Every structure is written in C-alpha cells, then in structure tokens.
Amino acid sequence: MSKKTIKDIDINNKTVLIRCDLNVPIKDGNIEDDNRIVKSLETIKYALKHAKHVIIMSHLGRIKNEEDKKKNSLKIVCDRLSDLLGEKVYFCTYDEDIKNVVQNNKIVMLENVRYFDLDGKKESNNDEELSKFYASLADVYINDAFGVSHRRAASTTGVSKYLESAVGFLVEEEINKLSILLNNPEKPFCIILGGAKVSDKIGIISNLIEKVDNIIIVGAMAFTFLKAKGMNVGKSLVDEENIEYSKNLLNKYSDKIILPVDVYVSDKIDSNDKVLKNINEIGNDDIAFDIGPKTIENIDNVLKQTKTVFLNGPAGAFEYDNFSYGTKEVLKSLKNSSAKVIIGGGDSASATIKFGYKNSFYHISTGGGASLEFLSGKDMPGFENIGE
C-alpha cells in the first residue's frame, strides 16, 4: 500500500487540518508517556513551515458522560505540544468561533473530537454533518493518526471525502515498515503474539501463517491453546469461544507454533506471591499470569536464528511488577538478537517504552488494533479517500 503524502500536495498558504493520534496515558493530571505527541511533530512542523494556518485534532480516551469530558480534555496535551514545538498552540473549545480563532492564530488544537460522541456518537459513527463541519474549517486534510485509521470515524474517513487529503509522515512510516511483513520479510520470520484474546489475533494469524516460520504464543491467549491440547490450565484466562479454532490451528501447524512450557501462577493478579510451575503441574485453583525461564530459553533460541520479528501483546501481566518478568525477558531477547524487530502498538509499545527499549528496535507502531488490522490484510477506512 502507498498513499499520497503531505509532500505530494500543495499546502502553501493554506489552512491544513491534521488528524493526529494524541491519545496519551494521563495519571493524576500528568502525561505518563508523550511518545505519540513526539511522533506527530514531524508532520506538524512541516505544516507549520508551509501552511498559513494549522489545525490539530485528536481524540483522548472514551467519552460516555459529562465526567469523562472533564477528565479527557486535550488541554494538557495542547500544553505539552506547545512545549515540544517551542511556540504557543492555541487551545480551542467547541463553544468558540473556531474559524475566527484559526484566522488569528498560526496553530490551533481543537478539543477532543469524541466530545461529539455524547450526541448520538456522531464522531465514532462517521456522522456526515460532523464530517462536513470539520471540512469547513480547512482547505486540506492530513491523516497522521495511524492508531485510529482502522475505524470509520468523522475525523478520519468522513472529513477526507470533502477535502483534498493525504497522509502525514507518521502514517507513511507505519505503512512502509509494516508492509515489509506483508511483502518479503527476510526469513526466518517469526511472530510473537500475546495479550488476552485469541479472537483479536485470528486475522493476522490467518493472513501470515503461510509466510512465517514460527508463531510464539504467550500471554493469556496461550492458555486457550494449552487447553485446546487437553491440558489443565486451572483458573487461567481462556478464550472459550476459540478453543476449537486453536485446536485446528495446532493440528495443522504444530511444527510452527511454540507455546509456554513453564509459568508463574498465583491466586490473584495483585498478589506478591507467585510459584513457578511446569505447564503439566498447573492445579485446578492456579491462575497463570506470566511465563517462566524455560519458556524464555526456548524463545531465545528461536530468536537467535530469526531475521524478522513482529511482536504484538505482552507475555504476562506486565503492569504488575510481580508478573513483568516474561515481558521484560522477551524484549531483552529481541534486543540481543540480530533480527529486524517491529513492535505492534498498544500494550506492546507501552511495555517496550516502559522497560527502556524505546530506541532499540526497527519500528514501534503507534497503533495496536490498527497494526493488527493492517497486517490482517483488511481495508483501512481512514485511508479509503486518500489517493495513491
């Protein structure tokens, strides 16, 4: 896939509307990780250099009630963007005369686009009237929000119907680097899949199973596969609806699929206690929250021979220190390998940055669900009105 970029269209002396993905984690009034803001800077700076006016829009969190509006205002993100750019970004609410504000400022950030979801979910349902409203604010539209481009929303798909449109540098990089996995990845090629649900990964497995040499399955989804093999997984999380799918996949591709051989179990996720057990020792009341050292050794041996790796999903409940071992060790093995490593977004990206590997890999995607949809070969609604 290739798409027209911001460099391919004329934005000189025009008003440019840029959809970014600035959905950063915020805790106690502080931004915990500004990676998505930093990743958006290249496109924003290019627009500022050439355009007359620049409008930034994004979502933040989910908006279901008035309380959500209060805690998910983009004002804090706007302030951080101002700091990173070294110039004032005017923060504009929807109560203001937006067109007048834009005409009197070089760069403006609009309030959270999901504020419109309180009125019939207009943003998330790609409301045509809202799409036209966004389009009325500018001359050109730039999609630089890869992380939401798998969704059909007014600020992605809708607005691009009514303005000359292109993608930004962040999206261009995502498309180019993820496409390596779809086209001619250097082999051996390995995918590491973690997280909770098998259902989330069926698309990518189906699309890439014939291309890969190994699929390493960790995290909670591993217990669905272990149960499909007839093993006792105690009270560990299992995607019951996909046991049969897992069984069929194991029967057909047993030579490619690598599962945990030992795990850390406990009685609850926030426990300070844990016990290391081989998978055939899991008891009826055990809950497995992480993979063990024998599994890490097996993974390390595979990665030493691998040339291309895609990782999506943590190896355990890494948010809890007691169960962060597996995720840390997988990242360490990837760092020590000679492979070209692409990290899926979401929790994978969060863990990678949290544990100090922000600059260690070929690519860290800004979109978890979006990277999975892209690699599943599915259409990306956010790009459908943008030419090649």
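Residues numbered from 1 in each chain as written. Predicted model: local features only at pLDDT ≥ 70, side-chain atom pairs only at ≥ 80, totals over all residues. Heavy atoms only, no water.

1. So, the overall build of the chain
Phase 1: Per the secondary structure count, the chain includes 14 helices and 17 strands.
Phase 2: The dimensions of the chain, computed from C-alpha atoms along their principal axes, are 70 × 45 × 35 Å.
Phase 3: Within the chain, buried positions represent 56% of all 388 residues.
Phase 4: Partitioning the contacts of the chain with sequence separation of at least 6, the portion at a separation of at least 24 is 72%.
Phase 5: Per element, the accessible surface of the chain, about 16800 Å² overall, is 42% carbon and sulfur.
Phase 6: On the chain, the mean spot of the 52 positive side-chain charges and the mean spot of the 57 negative ones are 2 Å from each other. (Helix = DSSP H or I, 4+ residues; strand = E, 2+ residues; numbered from the N terminus. Buried < 20%, exposed > 50% of the residue type's maximum accessible area, 1.4 Å probe, protein only. Contact = heavy atoms within 4.5 Å. Areas by Shrake-Rupley, 256 points an atom, 1.4 Å probe, with all protein chains shown as cover. Lys, Arg positive; Asp, Glu negative; His and termini not counted. Charge placed at Lys NZ, Arg CZ, Asp CG, Glu CD.)

2. Side note on the packing of helix 11 (residues 293–303) against helix 12 (residues 325–336)
The description of two packed helices rests on the angle between their axes and on the distance between the axes.
Phase 1: Taken N-terminus to C-terminus, the directions of helix 11 and helix 12 make an angle of 20°; their axes are 10 Å apart at the nearest point. The angle between helix 11 and helix 12 places the two elements in the roughly parallel class. Note on packing geometry: the crossing formed by helix 11 with helix 12 is right-handed. Facing helix 11, whose interface residues are Pro293, Ile296, Ile299, Asp300 and Leu303, helix 12 presents Tyr325, Gly326, Glu329, Val330, Ser333 and Leu334.
Phase 2: Taken together, the residues of the contact of helix 11 with helix 12 break down into seven nonpolar, two polar and two charged. (Axes fitted to C-alpha atoms, helices over the stretch in contact; angles between N-to-C directions. Parallel < 35°, antiparallel > 145°, perpendicular 65-115°, else oblique. Left-handed = near helix turned anticlockwise from the far one by under 90°. Nonpolar A, V, L, I, M, F, W, Y, C, P; charged D, E, K, R; others polar.)

3. Description of the side chain of Asp144
Phase 1: In this structure, Asp144 sits in strand 7 (residues 140–144).
Phase 2: Among buried charged residues, Asp144 stands out as having no salt bridge; its nearest opposite-charge side chain is Lys39, 10 Å away.
Phase 3: There is a polar contact of 2.8 Å between the side chain of Asp144 and the side chain of Thr43.
Phase 4: A distance of 3.4 Å separates the side chain of Asp144 from the backbone nitrogen of Phe169, its partner in a polar contact. (Salt bridge = Lys/Arg side-chain N within 4 Å of Asp/Glu carboxyl O. Polar contact = N/O pair within 3.5 Å; in protein donor to acceptor, adjacent residues only side chain to side chain.)

4. Details of the pairing of strand 12 (residues 262–266)
Phase 1: By the criterion of burial, strand 12 is predominantly enclosed, with five of the five residues buried.
Phase 2: In strand 12, alternate side chains face the same way, and those of Asp262, Tyr264 and Ser266 on one face and Val263 and Val265 on the other are all buried.
Phase 3: Strand direction decides the pairing type here: strand 12 and strand 13 (residues 275–278), joined by four bridges, are antiparallel. The residue of strand 13 that forms the bridge with Tyr264 is Leu276.
Phase 4: Pairing of strand 12 with strand 14 (residues 287–291) involves four bridges; the strand directions are antiparallel. Bridge pairing in strand 14 links Tyr264 to Asp290. (Pairing = 2+ DSSP bridges.)

5. Here we look at the pattern of salt bridges
Phase 1: Under the defined criterion, the tally for this structure stands at 16 salt bridges.
Phase 2: For Lys75, the salt bridge goes to Asp79, with nearest N and O atoms at 2.9 Å. Pair noted here: Lys75 and Asp79 are both in helix 3 (residues 75–85), with a separation of four residues, about one helical turn.
Phase 3: Take Lys75: its relative accessible area is 36%, and that puts it in the partly exposed class.
Phase 4: In the salt-bridge network here, residues are joined through shared partners; they are Lys39, Glu173 and Lys177.

6. Digging into unusual backbone geometry
Phase 1: Going from Lys187 to Pro188, the amide bond is cis rather than trans, its omega being 5°.
Phase 2: Position of Pro188 among the secondary structure elements: in the loop between helix 7 (169–182) and strand 9 (189–193).
Phase 3: Positive phi outside glycine occurs at Asp28, with the angle close to 50°.
Phase 4: Among the secondary structure elements, Asp28 is positioned in the loop between strand 2 (26–27) and strand 3 (30–31).
Phase 5: One non-glycine residue, Lys121, lies in positive phi territory at about 50°.

7. A closer look at the packing of aromatic side chains
Phase 1: One pass over the full model with this rule turns up ten aromatic pairs.
Phase 2: An angle of 65° between the planes, with centres 6.3 Å apart, marks the rings of Phe116 and Phe133 as edge-to-face. Remark: Phe133 occurs in helix 5 (residues 128–135) and Phe116 occurs in the loop between strand 6 (107–110) and helix 5; sequence separation between them is 17 residues.
Phase 3: On the basis of an interplanar angle of 25° and a centroid distance of 6.1 Å, the ring pair of Tyr357 and Phe361 is categorised as stacked.
Phase 4: By the ring-pair criterion, three or more aromatic residues cluster together here, those being Tyr94, Phe116, Phe133 and Tyr134.
Phase 5: In this structure, Lys177 is placed above the aromatic ring of Tyr362, and the distance from its NZ or CZ to the ring centre is 4.7 Å. (Phe/Tyr/Trp six-rings, centres within 6.5 Å; stacked < 30°, edge-to-face > 60°. Lys NZ or Arg CZ within 6 Å of the ring centre and 35° of its normal.)

8. Looking at the nonpolar core
Phase 1: Residues Phe146, Ile204, Ile217, Phe225 and Phe310 are the most contacted members of the largest nonpolar core, which totals 46 residues.
Phase 2: Elements that contribute at least two residues to this core include exactly helix 7, strand 9, helix 8 (202–208), strand 10 (214–217), helix 9 (221–228), helix 10 (243–253), strand 12 and helix 14 (368–375).
Phase 3: Looking at this core, the element that brings in the most residues is helix 9, giving six residues.
Phase 4: Formed by 31 residues, the second largest nonpolar core is a distinct cluster that contains Leu41, Ala51, Val77 and Met109. (Core = buried A, V, L, I, M, F, W, Y, C linked by side-chain atoms within 4.5 Å.)

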